Every structure is written in structure tokens, then in C-alpha cells.
Amino acid sequence: MPANLTPQYLEAEAKFKQAKTTQEKIKALEVMMAVIPKHKGTERLRGQLKSRMAKLKEELQKRPTLGRAEQAYTVKREGSAQVVLLGLPNCGKSTLFSKATHAFSEVADYPFTTQKPIPGMMKFENLQIQLVDTPPIQLDHIEPGFSNLIRNADALLIVIDVTEDPIFQMEVLLEELNRMKIMIAGKGTIPSLEVGWASLRALLLGNKCDAKNAMEGYRAFEGRFKEDFPLLPISAKEGMNFDELKKEVYQLLDIIRVYTKAPGGGPDLTEPVVLKKGSTVEDVALSIHKDFLKKLRYAKIWGSGKFDGQMVKRDYKVNEGDIIEMHI
Ligand SMILES: Nc1nc2c(ncn2[C@@H]2O[C@H](COP(=O)(O)OP(=O)(O)OP(=O)(O)O)[C@@H](O)[C@H]2O)c(=O)[nH]1
Ligand SMILES: [Mg+2]
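Residues numbered from 1 in each chain as written. Chains lettered and ligands numbered in written order. Predicted model: local features only at pLDDT ≥ 70, side-chain atom pairs only at ≥ 80, totals over all residues. Heavy atoms only, no water.

(A) Focus on the site of ligand 1. Near ligand 1 there are 22 residues, and of these Lys93, Thr95, Phe112, Thr113 and Asp210 occur at the shortest range. Thr113 is positioned with one of its backbone polar atoms (N or O) 2.8 Å from an oxygen atom of ligand 1. In the environment of ligand 1, an oxygen atom lies 3.1 Å from a nitrogen or oxygen atom belonging to the backbone of Lys237. For ligand 1, whose free accessible area comes to 650 Å², the fraction covered by protein is 90%. (Near = heavy atom within 4 Å. Polar contact = N/O pair within 3.5 Å; in protein donor to acceptor, adjacent residues only side chain to side chain. Areas by Shrake-Rupley, 256 points an atom, 1.4 Å probe, with all protein chains shown as cover.)

Here you go:
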């Protein structure tokens with residue numbers, strides 16, 4: 001018997017899939033349980049939802065309430081994505097952060113200047129991406145909450161000072177991430193992980209490339225890690241390669257921008273709809289309003305290698321830059 005899931009259900013399911021925290025997952029699951037059609041065809045699915053809910057609630061209870069240090073590490077997400085900076089003391093995280101976001105974070109020539117995460121917004125074309133400056137990673141001591149901050153991010157920017165044994169710095173970072181059960185991947189597909197592990201995309205930044213003899217350090221670093229990660233030589237101080245940096249961050253995020261327009265009107269190219277790669281016309285409709293998703297019959301699309309104004313179905317996969325006209 002077919003399940004005949006309703007648009008409301010699918011919408012809640014999409015939210016569930018995108019949920020980052022246990023609370024968000026529970027909220028979405030509650031909606032899924034409330035709106036799922038109650039007939040024989042959904043019996044098994046309803047059972048699965050129920051046991052998923054029980055597991056999530058258990059998870060929530062097991063977690064102790066947040067201590068002060070953990071609270072300091074909770075950063076409210078803003079903009080199209082959250083990207084966390086990571087690096088050893090003095091590598092130039094705050095210099096990069098301040099330059100890229102115009103938000104304030106203290107810079108000093110001594111280590112351990114930054115003591116808690118600081119969010120700021122980086123503009124890239126018509127998007128705002130949140131960057132989070134962080135205290136330095138140190139060997140064998142990770143503040144409570146740091147691991148969650150990293151896990152909840154959409155991607156990482158790993159900052160390395162190329163004038164100070166860059167390969168060693170990267171090894172220390174990989175070791176500490178490993179201790180937190182966080183695997184970073186740059187290129188290719190992310191392998192499936194054991195329970196309790198998280199994976200994130202990372203871009204490696206070889207910083208201080210303006211300094212004397214810095215490029216030698218960068219070359220050695222690049223030689224060692226370029227197979228596995230995207231990397232870029234930068235100077236946070238001088239803003240070297242910042243345009244490239246923003247582009248690479250965008251690529252790392254695996255997102256696309258599409259634009260909507262009303263029949264007869266033009267698109268607003270300053271207001272992109274930001275979606276995960278692989279999203280469909282239905283996801284675009286949902287991002288406008290859930291009623292839209294319910295009523296949507298078809299869409300017309302400009303871009304996508306299609307001829308202009310081609311009619312497409314609800315499950316059509318949209319591409320970067322597409323302009324979509326919804327018909328209800
Ligand atoms: N030459 C050069 N120096 C830099 C660059 N970026 C940062 N620095 C210097 O490196 C020192 C540390 O910079 P910060 O931005 O405070 O480094 P941080 O990684 O935030 O340091 P912590 O907060 O202590 O972890 C300062 O003296 C900066 O001026 C760069 O691109 N080139
Ligand atoms: Mg700092």
C-alpha cells in the first residue's frame with residue numbers, strides 16, 4: 001500500500017534532515033508524527049518515527065546542562081552558512097577574521113589572544129557567510145564546547161602559519177580533531193564513519209605568505225597535503241588571495257544559489273535562495289512557503305542548460321544560477 005505522504009510531511013522531513021541540533025530534530029520529528037497520514041500504508045514508517053523520537057529524547061537527557069564554558073562556545077548561526085576558523089596559537093586567525101568580516105577580534109603578537117569564539121559576517125557576492133574566530137587549539141587541552149562548535153559548523157578554515165613548521169602544525173591539528181572524533185575531508189566523497197564521529201569539509205590556508213622565505217614553507221606544506229585538501233597561500237595581514245579565498249569557501253559549502261520570479265516579472269538577483277547541491281524545484285518552493293509546495297504544479301526554468309522558459313516537473317534538480325518561475 002502506498003504511503004501517500006503529504007507535502008506537509010515532506011516539508012517536515014526536509015527540516016529534519018537539515019536539523020543540526022537534537023532539539024531541532026525533535027521539533028521536526030514532532031511535526032512529522034503529527035501530520036503523517038494514519039493508515040495501513042504508513043504503519044511501519046510511524047513505528048520508525050516513534051523509535052527515532054525515543055532515541056533523540058534519550059540523547060537529550062543524557063546530556064548534562066551546559067556549563068559556562070560550553071555556553072561561551074554556543075554561537076548562533078546567521079547568514080547562509082557557518083564556517084569556523086581553526087589553528088594553533090598566533091597563526092593569524094583573528095587577523096584573517098577581522099579583515100574578512102570587518103568585525104572586531106583582538107590581534108596581538110603573543111599567543112592565546114582570543115579566548116572565546118567570536119562571530120562575524122563575510123560578504124561573498126550576494127551572500128553573507130558567518131565566520132567564527134576561535135581560541136587556539138592546544139595540545140591535550142580542549143575547552144568543553146569546542147568540539148560541538150566544530151561539529152555544528154558547515155565547514156572549517158584551517159589556518160597555518162607557514163613560517164613555523166607548517167606540517168607539524170597540521171599534524172597537531174589533525175591529532176586534536178581525531179581526539180574529538182572529527183574527521184576532516186577536503187576533496188572527494190566523505191567515507192562513512194563509525195557512530196559518534198563527525199565529518200566536515202576543510203580548506204587549508206597557508207598564512208603569512210608575505211613574510212620573508214614564507215613561500216618555501218608553503219611549498220613544503222602544499223606538497224604534503226594537496227592530494228587530500230584544497231589549499232591556498234594567503235596573507236591575512238595584506239589581504240592576499242582574499243577573493244580566491246571567498247570563492248573556495250563557497251565551493252567548500254556545497255551549496256547553490258537560485259532565483260525566483262513571478263510570471264511576467266523579473267528575478268531579484270540580490271536575493272538568492274540558498275540550497276544544498278542536488279535540491280529540486282520542490283525545495284525551492286518550500287523555501288518560499290509551505291503553501292507553495294502544496295499548490296505547486298510545475299515550474300519554468302531559465303539557465304540549467306535548458307532552453308529558456310522550459311517547463312520542468314516538481315522533482316527537477318536545479319542548478320547554480322537558475323531562475324525559476326513557479327506555477328500553482
Ligand atoms: N607577517 C604576517 N604576520 C601576520 C599575518 N597574520 C597575522 N600575523 C601576525 O601574527 C600575530 C598573531 O596574529 P593573530 O591574528 O592574533 O593570531 P591568532 O591565531 O588569532 O592568535 P591566538 O588568538 O592567540 O590564537 C600578530 O602579530 C599578527 O600581526 C600575516 O598574514 N602576515
Ligand atoms: Mg586570535
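(B) Region of the structure containing the coordination of the magnesium ion (ligand 2). Protein coordination at the magnesium ion (ligand 2): the donors are Ser94 (OG) and Thr114 (OG1), at 1.9 to 2.1 Å from the metal. In this pair, Ser94 is assigned in helix α5 (residues 93-101) and Thr114 in the loop between α5 and β2 (118-124), connecting sequence segments 20 residues apart. Comparing Ser94 with Thr114 shows no difference in burial state: the two are buried. (Donors = N, O, S within 2.8 Å, 3.2 Å for Na, K, Ca; no water. Helix = DSSP H or I, 4+ residues; strand = E, 2+ residues; numbered from the N terminus. Buried < 20%, exposed > 50% of the residue type's maximum accessible area, 1.4 Å probe, protein only.)

(C) Highlighting the packing of aromatic side chains. Here the structure, examined in full by the defined rule, presents four aromatic pairs. When the centroid spacing of 5.2 Å and the interplanar angle of 40 degrees are considered together, the rings of Tyr73 and Phe146 count as tilted. Within this pair, whereas Tyr73 is found in the loop between α4 (68-72) and β1 (82-87), its partner Phe146 is found in helix α6 (residues 146-152), the two being separated by 73 residues in sequence. We note that Tyr73, like Phe146, is buried. Seen from their ring centres, Phe124 and Tyr250 are 5.3 Å apart, and the 35 degrees between their planes marks the pair as tilted. Highlighted residues: Phe124 in strand β2 and Tyr250 in helix α9 (residues 242-252), separated in sequence by 126 residues. An aromatic cluster is built from Tyr218, Phe221 and Phe225, whose rings are joined through pairwise contacts. (Phe/Tyr/Trp six-rings, centres within 6.5 Å; stacked < 30°, edge-to-face > 60°.)

(D) Local environment of the layout of surface pockets. Within this model, the second largest pocket holds a volume of roughly 360 Å³. Asn90, Gly92, Thr95, Val107 and Lys208 are, among the 23 residues lining the second largest pocket, the residues nearest its centre. Each residue belonging to the lining of the second largest pocket can be placed in one class, and the counts come to nine nonpolar, eight polar and six charged. (1 Å grid on protein atoms, 1.4 Å probe; cavity = no way out; pocket = protein on both sides within 12 Å on 5 of 7 lines; lining within 4 Å. Points joined across faces, edges and corners; volume = space filled by probe spheres on them. Nonpolar A, V, L, I, M, F, W, Y, C, P; charged D, E, K, R; others polar.)

(E) Summary view of the packing of helix α1 (residues 7-18) against helix α2 (residues 22-35). Their axes nearest at 8 Å, the elements α1 and α2 cross at an angle of 165 degrees. Classed by the angle they form, the pair α1 and α2 counts as roughly antiparallel. Crossing of α1 over α2 shows left-handed handedness. In this structure, α1 contributes Gln8, Tyr9, Ala12, Glu13, Lys15 and Phe16 to the contact, and α2 contributes Lys25, Ala28, Leu29, Val31, Met32 and Val35. For the contact of α1 with α2, the class distribution of residues is eight nonpolar, one polar and three charged. (Axes fitted to C-alpha atoms, helices over the stretch in contact; angles between N-to-C directions. Parallel < 35°, antiparallel > 145°, perpendicular 65-115°, else oblique. Left-handed = near helix turned anticlockwise from the far one by under 90°. Contact = heavy atoms within 4.5 Å.)

Just distances and angles here, no functional claims.
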